[in-house]
Amino acid sequence: MTTTVTAAPARTRRLTGFQSTGELHLGNLLGALRPLIAAQDAADSIALIADLHAMTVEHDPARVRACALEQATIMLAAGVDPERTPIVLQSQVREHTELHYLLECVAGHGEAARMIQFKEKSAAGGPVRLSLLTYPVLMAADILLYDVDQVPVGEDQTQHLELTRTLAVRFNTKYGETFRVPDGIRPDSAARIMDLAEPTAKMSKSSGTGRIGLLDPPEVIRRTVARAATDTLGLVRRDRANQPGVSNLIDILAACTGRPPADPTSYAALKREVTDAVEALLAPIRARHAELAADPAFVRRVLTAGAERVRPIAAATVHRARAAIGLLAD
Ligand code: AMP
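For clarity, every value in this text was computed on a predicted model and none was experimentally measured.

**Concerning the pairing of strand 2 (residues 44-50)**
For a regular strand, side-chain orientation follows a simple rule: the groups alternate between the two sheet faces. Among the seven residues of strand 2, six are classified as buried, and the element is accordingly described as predominantly covered. Note that strand 1 (residues 13-19) and strand 2 share seven bridges and pair parallel. Across the sheet, residue Gly 17 finds its bridge partner in strand 2, namely Leu 48. The parallel pair strand 1 and strand 2 is bridged by helix 1 (residues 26-38), and the resulting crossover is right-handed. As paired strands, strand 2 and strand 3 (residues 87-89) are joined by three bridges and run parallel to one another.

Rendered as structure tokens:
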């Protein structure tokens, strides 16, 4: 009798990264965290907190440490299950920096200098750290280290993902098959959330009054939404080009509740609905965060366990890359 053994189809591996430069906001939740949580059963995701990236600009060491722990706490509070999705602090897996160097050896100065984010941040004035220039190569290392199939990315990261793919293909061609070349994906459930005060710009960690932090208390949420920029047309409808503020509010409501405005008669009514919907989404996260924040040792253990879980994959990749590029085996 012959037995046919059919291998179980390999599960898709994904990496979602978050820069630990500030508190996570509503855009991070609706654009990245929620899709990650929704896919926990379908894909093998790694949630990476990119604390090394925080050092590419002037930084306060105590704040970088605090932000890293805070982000991990918020991720857990939002529903990332560390049993299914390792939460990994970039700096705790040393292979990130080792692979960064090896990839720098196949990256050109011009390629890095062309990156839009580098141009924007370096144009802001003040001294420019060399690490700001090479940060997209570190991001390539973050991704290639884990043999991932897919990287959920927002539009702003498309150029960096393209560089990652270019470097992987170049390395593979020059030195032999070493890296899996990942695809960028946009999860169906991801929303692009704009700054409430400046709705033509994306809500980001550096946004000012137009940003809703995931730990903002109810009165701050209410005030931020109440002050959200609208227009003088008086029409509650989605028209990104002509009504970016109103469209953003409608999108936020849809992302939070899955439905259009119940009362499409006034901007005040729309803002009330958005306030209630955001508060309903964030209140349980705030409550769970308060419990977890009381036990930072637990969160640190989650990070240690996450690093331990992924380190063998990272070590195997670096081992392959070292051998391929011409280093003696250790
Ligand atoms: P970052 O905060 O830039 O490190 O981004 C972490 C993740 O959140 C990435 O997957 C981004 O694409 C996503 N993200 C950041 N800001 C927004 C936003 N305003 N709307 C939707 N997704 C966002």
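Picking up where we left off.
**A short note on the pattern of salt bridges**
Inspection of every chain in the model, using the stated rule, returns 17 salt bridges. Glu 58 is the salt-bridge partner of Arg 129, the closest N and O atoms lying 3.4 Å from each other. Here Arg 129 is found in the loop between helix 5 (116-123) and helix 6 (130-144), whereas its partner Glu 58 is found in the loop between strand 2 and helix 2 (61-78), with 71 residues between them in sequence. Judged by relative accessible area, which is 67%, Glu 58 ranks as exposed. For Arg 322, the salt bridge is made with Glu 98, and the minimal N-O distance between the two is 2.7 Å. Taken together, the positions of Arg 322 in helix 11 (residues 296-325) and Glu 98 in helix 3 (residues 95-104) put the pair 224 residues apart, joining distant regions of the chain. The network of salt bridges with common partners includes Asp 41, Asp 81 and Arg 84.

**Some points on the site of the ligand**
As a matter of local geometry, the ligand sits amid 15 residues, with Gln 19, Ala 191, Ile 193, Met 203 and Lys 205 nearest to it. Between the ligand and the protein, one listed contact pairs a nitrogen atom with a backbone N or O atom of Gly 27 at 3.2 Å. Lys 205 is positioned with one of its side-chain polar atoms (N or O) 2.4 Å from an oxygen atom of the ligand. Mapped onto the shell around the ligand, the elements with two or more residues apiece are strand 1 and helix 1. For the shell around the ligand, the leading source of residues is helix 1, giving four residues. Its residues assigned to classes, the shell around the ligand comprises five nonpolar, seven polar and three charged.

**Side note on the domain arrangement of the chain**
Each assigned domain of the chain is listed here: domain 1 (12-191 + 296-325) and domain 2 (218-292). Computed from C-alpha atoms alone, the centre-to-centre distance between domain 1 and domain 2 is 30 Å. Listed per partner, the contact involves 14 residues of domain 1 and 10 residues of domain 2. Summed over both sides, the interface between domain 1 and domain 2 buries roughly 980 Å², with carbon and sulfur atoms accounting for 78% of that surface. Where domain 1 meets domain 2, there are zero salt bridges. Between domain 1 and domain 2 we count two residue pairs in polar contact (both at pLDDT 80 or more) in total.

**Thoughts on unusual backbone geometry**
Note on backbone geometry: most residues besides glycine have negative phi, and most peptide bonds are trans. Although it is not a glycine, Asp 147 sits at a positive phi angle of roughly 50°. Structurally, Asp 147 is set in the loop between helix 6 and strand 4 (150-152). Accessibility expressed as a relative area gives 15% for Asp 147, which makes it buried.

**Here we look at the packing of helix 2 against helix 11**
Where helix 2 contacts helix 11, the axes come no closer than 10 Å and their chain directions differ by 90°. With respect to helix 11, the element helix 2 is oriented roughly perpendicular. Where helix 2 abuts helix 11, its residues Leu 69, Ala 72, Thr 73 and Leu 76 lie against Pro 296, Phe 298, Val 299, Arg 300, Val 302 and Leu 303. Of the residues that constitute the contact of helix 2 with helix 11, the class distribution is eight nonpolar, one polar and one charged.

**Concerning the side chain of Thr 16**
Inspection of the secondary structure puts Thr 16 in strand 1. Excluding residues within four positions of it along the chain, Thr 16 makes contact with Ala 32, Leu 36, Ile 46, Ala 47, Leu 48 and Pro 152.

Reading the values: rules and limits
- Residues numbered from 1 in each chain as written.
- Predicted model: local features only at pLDDT ≥ 70, side-chain atom pairs only at ≥ 80, totals over all residues.
- Heavy atoms only, no water.
- Buried < 20%, exposed > 50% of the residue type's maximum accessible area, 1.4 Å probe, protein only.
- Helix = DSSP H or I, 4+ residues; strand = E, 2+ residues; numbered from the N terminus.
- Pairing = 2+ DSSP bridges.
- Right-handed = clockwise from strand over helix to strand, strands pointing away.
- Salt bridge = Lys/Arg side-chain N within 4 Å of Asp/Glu carboxyl O.
- Near = heavy atom within 4 Å.
- Polar contact = N/O pair within 3.5 Å; in protein donor to acceptor, adjacent residues only side chain to side chain.
- Nonpolar A, V, L, I, M, F, W, Y, C, P; charged D, E, K, R; others polar.
- Domains from an automatic or database assignment.
- Contact = heavy atoms within 4.5 Å.
- Buried area = accessible area lost by both parts, 1.4 Å probe.
- Axes fitted to C-alpha atoms, helices over the stretch in contact; angles between N-to-C directions.
- Parallel < 35°, antiparallel > 145°, perpendicular 65-115°, else oblique.

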